[in-house]
Amino acid sequence: QSQELLESSALASGTIYNVTIDQHAADYHLGNIRIPKAKLWWPHTHGDQPLYTVQVLFRSSDNAYESRVDTTFGVRTVSSATGAASKSFTLKINGHPIFLAGGNWITTDQFLRFSNSYQRYCNELTLMANAGFNSIRVWGGGITETRQFYHVADEVGMLIYQEFWMTGDNNGRFAGDYDWPNDHGSYTRNVRDVIRKLRNHPSLAFFGGGNELYPTSKSPPRDVDEQIRMYIGVYDGTRPYVSSSVTEVGDSFDPSDSLAPKDGPYGIQREEDFFDRNPGFTSPLLSLDELARNVSIHDVKNKRAPGRNIGFQAEIGSVSHPELESLKRFLSSDSLKSFPGCGVTSCFQVDQEWNYLKWLPFTEQSGLDRICQFQYPPVSNLTIDNRMDSIEDYSWAAQFAQYIQYNALVQGYSHRIFDWHSAFYIWKTSSPSPTLRGTLYDWYLATNGGYWGAHSGLSGGNPVRLIFNRHDWTLNVVNTLPKAFLGTTMRWTAHSLNGTRVGGDTVSIPDQLNGNHVAHLEYKLPWIQSEQAFMPELQNILLYRMEVFYRNEYDSIIHNTRNDYYLTDPSVGSESQSRYALLGAYRKVLPRVRLQVSCAADDDSMDIMCKVDHLQKETIGIMTRFALVLDPSMSDGSDNRILPSFYSQNYITLLPGDSSYVKINTTNEQKQTWTCLPDGYIGVGTRKRGGFFLMVSVDGWNVEQSTILIGCAHLLATT
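On a predicted model such as this, the values are computed, not experimentally measured, just so you know. (Residues numbered from 1 in each chain as written. Predicted model: local features only at pLDDT ≥ 70, side-chain atom pairs only at ≥ 80, totals over all residues. Heavy atoms only, no water.)

J.: How should I be thinking about the overall build of the chain in this particular structure?
T.: Tallying secondary structure elements over the chain gives 14 helices and 34 strands in all. In terms of C-alpha radius of gyration, the chain reaches 27 Å, essentially the compact-globule figure of 27 Å for 719 residues. Seen along its three principal axes, the alpha-carbon backbone of the chain occupies a region of about 85 × 75 × 55 Å. Considering the chain as a whole, with its 719 residues, one finds that 56% of them fall into the buried category. Sequence-distant contacts, at least 24 apart, represent 68% of the contacts inside the chain between residues at least 6 apart. Across the chain, the mean location of the 62 positive side-chain charges is 2 Å away from that of the 76 negative side-chain charges. (Helix = DSSP H or I, 4+ residues; strand = E, 2+ residues; numbered from the N terminus. Rg over C-alpha atoms; globule rule 2.2 N^0.38 Å. Buried < 20%, exposed > 50% of the residue type's maximum accessible area, 1.4 Å probe, protein only. Contact = heavy atoms within 4.5 Å. Lys, Arg positive; Asp, Glu negative; His and termini not counted. Charge placed at Lys NZ, Arg CZ, Asp CG, Glu CD.)

What follows is the structure, encoded as structure tokens:
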């Protein structure tokens, strides 16, 4: 058909068209393709991810040569705007602003061993999506990932912020040269090829020139930046582009060049500080020159100028610590015994293996050690020699501290969406090697307490969630979808650690929870003064359980999200080194809580559902952890966890009388080895051929360890 005919008509989907192309043609335009009733692609937090397929078959005129190209694509629009209140870059998908909750990505493995593994990418992006994150920043100091990564992002519904390969760390600011890369032409041709390679992926949301490239007069090189913009315009024409993640603080900041004036910090913070305007920094921000001149924040004339606040946070980091089973895989036994002491503020004060693997102190600048807050008896003197009683105690306290930290982080950045913040990206969420820094799940794909704190804070991606402001103890309900929901009620209860209810209330919420909006309730959570008879000399701790109930306008189904918080008297403050010693006493002194757990696997999907009941009358089951494992009796003592495994919830709190369900899933590759053994339980292989049972391990902060056989659902149904 002639090119003129194709360009003047719309092609209908599902139809085969034959065209003849001159062999010298550089480009051939097929015209518009009409897709009747096209279904829109959304990030997973906002909708579905329908994908379409286009197939192009090339054949030489003599039929001697044939080549075929198949690709998938999604139908959606992408644009950006500067937020009226946040004054920051705001991404829009299908015309609606999307609050970006994301993580920084280096690569899946430091030696690129999984670079062509669809399954590895699927595992990692599924972990991110299940926690409630909807975006990944492919960091400029890393690489552009392989096609498999972007295919998985399309399917999972993860928005990709793709940077090109420059970072201020070695592009002149600390090392290297501001004129790098050495060969500008070769570099920009690679940029062109990557744009063309990735442009069909709906998950690819916007491009960045690189990481922390400033000052803008020098970095990135002007000709490189202009060439990148030109190639995006010619070969893409749809996606936004910014030259750098951050540039300069103050009045010289240009929001058209970068996303924010600053990023960070990267260490542990007080949880209440995450609810400030610029967590970890002053508000408004001060430039290095202003700090050197001791300029007061009160002397800043335009405190709401774009260069004075972080609206788009490209990097915010904190501590991380793998589960003990993972630690044992990459630390020697001697190093495990040499775990850090209380009050350590530098990696040079710890064992050389911990230092080499980038251990980050859990100690704040004030000297407060967030791990040793759980020590019982309480720590009286913060010294390297004064430390937790065992690596088991240390590791569990690290999981608890991370849970609190990342729960506060994600809620703090979410409590003023599109007012203060349009995005935040944790530095970082994945781990390209076994390490002790910057990860919510480790290289083995095992999650940690920080992951589950973030999962709880984001309600696993639930669009409507409750946020408890640690700074002023007010309650907020956020709706991250563009549509409104109908609010019903919010309620909270307070319990002593022995499970006794000591207070509670029902709070009215707006009848309509507007889209992309936070309802700041006219209610301040009270601290309930109550006796603590078990260890009266220790600071009291209460469990506050909060739930919000809502429904959409089309049905009467009531939805709810729930959060649990271990809180102390706010009038005392959070700076006491013995703040969580009572939790330590419940772990060290009292008998462990026994839970009743039963598990069964679906006959078709092999998904596992566990029901857990807390039937004891006293003591909360604290930080209850589930793990899918191979029969420990058949193990040589090495890590017997099935990784990756995906849990609907984990590190959960159970009050006396509570019942809860945990759904467990893993990869199809793992499930193919499972079978229902004659005993009526799920196993790997056959008992006659050395097979062994698949089990669920349950333990926790104060929970007795147990392993549970997984029943075959059809046998359980008949019996």
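J.: I tried to follow helix H11 (residues 449–457) on my own but got confused; where do I start?
T.: Given 3.6 residues to a turn, an α-helix orients residues that are three or four positions apart in the same direction. Counting buried positions over the nine residues of H11 gives nine, a clear majority of the element. Put simply, asparagine 448 is the residue that caps the front of H11, since its side-chain oxygen is 3.0 Å from the backbone nitrogen of glycine 450. Where H11 terminates, the next one or two residues include serine 459, which has phi positive at roughly 50°. (Polar contact = N/O pair within 3.5 Å; in protein donor to acceptor, adjacent residues only side chain to side chain.)

J.: Quick question: what am I supposed to make of the pairing of strand E8 (residues 100–105) here?
T.: On any regular strand, side chains alternate: one points to one face of the sheet, the next to the other face. Counting buried positions along E8 yields six of six residues, so the element is predominantly enclosed. Of the two faces of E8, the one holding Leu100, Gly102 and Asn104 and the one holding Ala101, Gly103 and Trp105 are both buried throughout. Looking at chain direction, E8 and strand E16 (residues 423–427) are connected through four bridges and run parallel. Bridge pairing in E16 places leucine 100 opposite alanine 423. Note that E8 and strand E9 (residues 135–138) share four bridges and pair parallel. By the bridge assignment for E9, glycine 103 is matched with isoleucine 136. In this view, the connection linking E8 to its parallel neighbour E9 by way of helix H2 (residues 118–131) has right-handed handedness. (Pairing = 2+ DSSP bridges. Right-handed = clockwise from strand over helix to strand, strands pointing away.)

Keep in mind these numbers describe shape, not what the thing actually does.
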